[in-house]
Amino acid sequence: MLRTIVVPNKYKPMLNLRETAEAIHFSKKKFQERLEQHLNLTQVPSPVLLQEGTGINDNLNGVERIVSFDALDMEEGQIEVVQSLAKWKRMALKTYGFQEGEGLYTNMNAIRRDEWMDNLHSIYVDQWDWEKVIAEDQRNLATLKEEVSKIYRSIQATEQEVCTQYSCLEPILPDQIFFITTQELENRYPDLTPKERENEITRQYGAVFIMQVGGLLNSGIVHDGRSPDYDDWTLNGDILLWFPVLEQALEVSSMGIRVDAAALEKQLNLSQANERAALDFHQSVLNGELPFTIGGGIGQSRLCMFLLRKAHVGEVQASVWNDRTWRECEEGNIPLL
């Protein structure tokens, strides 16, 4: 699968390299402040490395290869580089002793070696990973929508502050975020692919939360893949923003209410991944040893791309790129860091 770089016509960055570096720092600082305030979160340290065989590292869609290695002073198997912290965070909430209505967030840095590089994708992933304790009776769509709205207000407020700080930028976000399920989206656009549907609905509303990602639609396909062992597929979704620089929907967050024992058992069975049930993390969920939670990841570079109107993720993060990416970006006046 070869992706190509999209180069906007006559693209010229609104901020130079030094201004961009300052604006990245400003944007992240302001958003973190809003996120802490609106979601009642505390920042905590997080791992970059995990030990294999525990089930804590994220399997993503179950086919991506995890970066792993051995270490001189470790005899207990391979060490894995984080792909995301969806499961680790839930365990950390219990370890730290967070109560209902309280949560944590962390700066997650991951390597996803099987990503195909394009304007939005890098093998280096940086996110604000967050997780919050909820009551069992809060495992519903109302809770999900309430937390999504809080995140969206945090993004809106940050956009206003960034545009005030840098007068060359103008706010474009709508007042409200629009909610729709994957099945409703398929019913509305039955002849389009899932990605084309995302573009159409986000172009129309400006900001959209697409709910219930992972399960089969009436057409017999899935809207998008989800690991079976962290989100409840009936209580999750993605935040998409319309991004005029690239004229497409930009996914900035994937989140959801986490699986309870029943949802985990059902989704492992549907995914033919029942062998995972024996892993430490999965046993903790099945035995009711972890709190009920909601959580997700918010892409730091993705959000900075949006706020600073950048055409390529490499304009807001320092990573490695193949020769094709370097060449096409140089020809398109897209300065990679």
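The sections below set out a description of the structure shown in this document. The shown structure was predicted, so the numbers you read here are calculated from the model rather than taken from an experiment.

1. Re the overall build of the protein chain
Along the backbone of the protein chain there are nine helices and eleven strands. For the protein chain, whose C-alpha radius of gyration is 20 Å, the value lies close to the compact-globule estimate of 20 Å for 337 residues. In terms of overall dimensions, the protein chain has a C-alpha envelope of 55 × 50 × 40 Å along the principal axes. Among the 337 residues that make up the protein chain, the fraction classed as buried is 53%. Sequence separation of 24 or more characterises 73% of the internal contacts of the protein chain that already satisfy a separation of 6 or more. Approximately 15400 Å² of the protein chain is accessible, and the part contributed by carbon and sulfur atoms is 48%. The positive charge centre, built from 33 side chains, and the negative charge centre, built from 51, are 5 Å apart in the protein chain.

2. A few points about the nonpolar core
The biggest cluster of nonpolar side chains holds 54 residues, and the ones touching the most others in it are Trp130, Ile151, Ile239, Leu241 and Met255. Counting only elements with at least two residues in this core, the list comes to helix H1 (17-39), strand S6 (124-133), helix H3 (141-165), strand S8 (207-211), strand S9 (231-243), strand S10 (248-258), strand S11 (293-299) and helix H8 (300-308). A per-element tally of this core places H3 first, with seven residues. Residues Ile56, Met108, Ala110 and Val125 belong to the second largest nonpolar core, which totals 14 residues.

3. Topic: the pattern of salt bridges
Using the criterion set out here, one finds 22 salt bridges in the structure. As a salt-bridge pair, Arg18 and Glu22 come within 3.7 Å of each other at their nearest N and O atoms. Highlighted residues: Arg18 and Glu22, both in helix H1, separated by four residues, approximately one helical turn. Put simply, Glu161 and Arg34 hold a salt bridge, and the shortest N to O gap is 3.5 Å. With Glu161 in helix H3 and Arg34 in helix H1, this pair connects stretches of sequence that are 127 residues apart. Members of the salt-bridge network, linked through shared partners, are Lys89, Asp129, Glu131, Asp231 and Arg258.

4. Some points on the side chain of His282
As for its position among the elements, His282 is in helix H7 (residues 280-286). One polar contact links the side chain of His282 to the main-chain carbonyl oxygen of Arg276, over a distance of 3.4 Å.

5. A closer look at a nonpolar patch on the surface
On the surface, a cluster of nonpolar side chains totalling about 240 Å² of accessible area is made up of Val48, Leu49 and Phe69. Relative to the assigned elements, Val48 resides in the loop between strand S1 (41-43) and strand S2 (49-51). Val48 sits in the partly exposed class, given a relative accessible area of 41%.

6. Considerations on the packing of H1 against H3
Where H1 contacts H3, the two axes come as close as 9 Å, and the packing angle between them is 145°. Here H1 runs over H3; the crossing is right-handed. The segment H1 lies against H3, with Phe26, Ser27, Lys30, Phe31, Arg34, Leu35, His38 and Leu39 engaging Glu147, Lys150, Ile151, Arg153, Ser154, Ile155, Ala157, Thr158, Glu161, Val162 and Gln165. Residue classes in the contact of H1 with H3 are distributed as eight nonpolar, five polar and six charged.

7. What to know about helix H9 (residues 323-331)
Where H9 is concerned, the buried positions are Arg324, Thr325, Glu328 and Cys329. Down the axis, H9 shows its buried residues gathered within 120° of arc, on one side only. What points out from H9, more than 90 degrees from its buried face, is the exposed set Asp323, Glu330 and Glu331. Asn333 occupies a position one or two residues after H9 and carries a positive phi of about 60°.

8. A look at the sheet that holds strand S3 (residues 68-69)
Taken together, three strands build an open sheet; the order of strands is S2-S4-S3 and the sheet is antiparallel. Each of the sheet's edge strands pairs with one partner strand only, and the pair in question is S2 and S3. In the sheet, S2 pairs with strand S4 (residues 79-81) via three bridges, with the strands oriented antiparallel. Paired with Leu49 across the two strands is Val81, which belongs to S4.

Cut-offs applied
- Residues numbered from 1 in each chain as written.
- Predicted model: local features only at pLDDT ≥ 70, side-chain atom pairs only at ≥ 80, totals over all residues.
- Heavy atoms only, no water.
- Helix = DSSP H or I, 4+ residues; strand = E, 2+ residues; numbered from the N terminus.
- Rg over C-alpha atoms; globule rule 2.2 N^0.38 Å.
- Buried < 20%, exposed > 50% of the residue type's maximum accessible area, 1.4 Å probe, protein only.
- Contact = heavy atoms within 4.5 Å.
- Areas by Shrake-Rupley, 256 points an atom, 1.4 Å probe, with all protein chains shown as cover.
- Lys, Arg positive; Asp, Glu negative; His and termini not counted.
- Charge placed at Lys NZ, Arg CZ, Asp CG, Glu CD.
- Core = buried A, V, L, I, M, F, W, Y, C linked by side-chain atoms within 4.5 Å.
- Salt bridge = Lys/Arg side-chain N within 4 Å of Asp/Glu carboxyl O.
- Polar contact = N/O pair within 3.5 Å; in protein donor to acceptor, adjacent residues only side chain to side chain.
- Patch = residues over 30% accessible without salt bridge, like charges linked within 9 Å, V, L, I, M, F, W, Y side chains within 5 Å.
- Axes fitted to C-alpha atoms, helices over the stretch in contact; angles between N-to-C directions.
- Left-handed = near helix turned anticlockwise from the far one by under 90°.
- Nonpolar A, V, L, I, M, F, W, Y, C, P; charged D, E, K, R; others polar.
- Arc of directions from axis to C-beta.
- Pairing = 2+ DSSP bridges.

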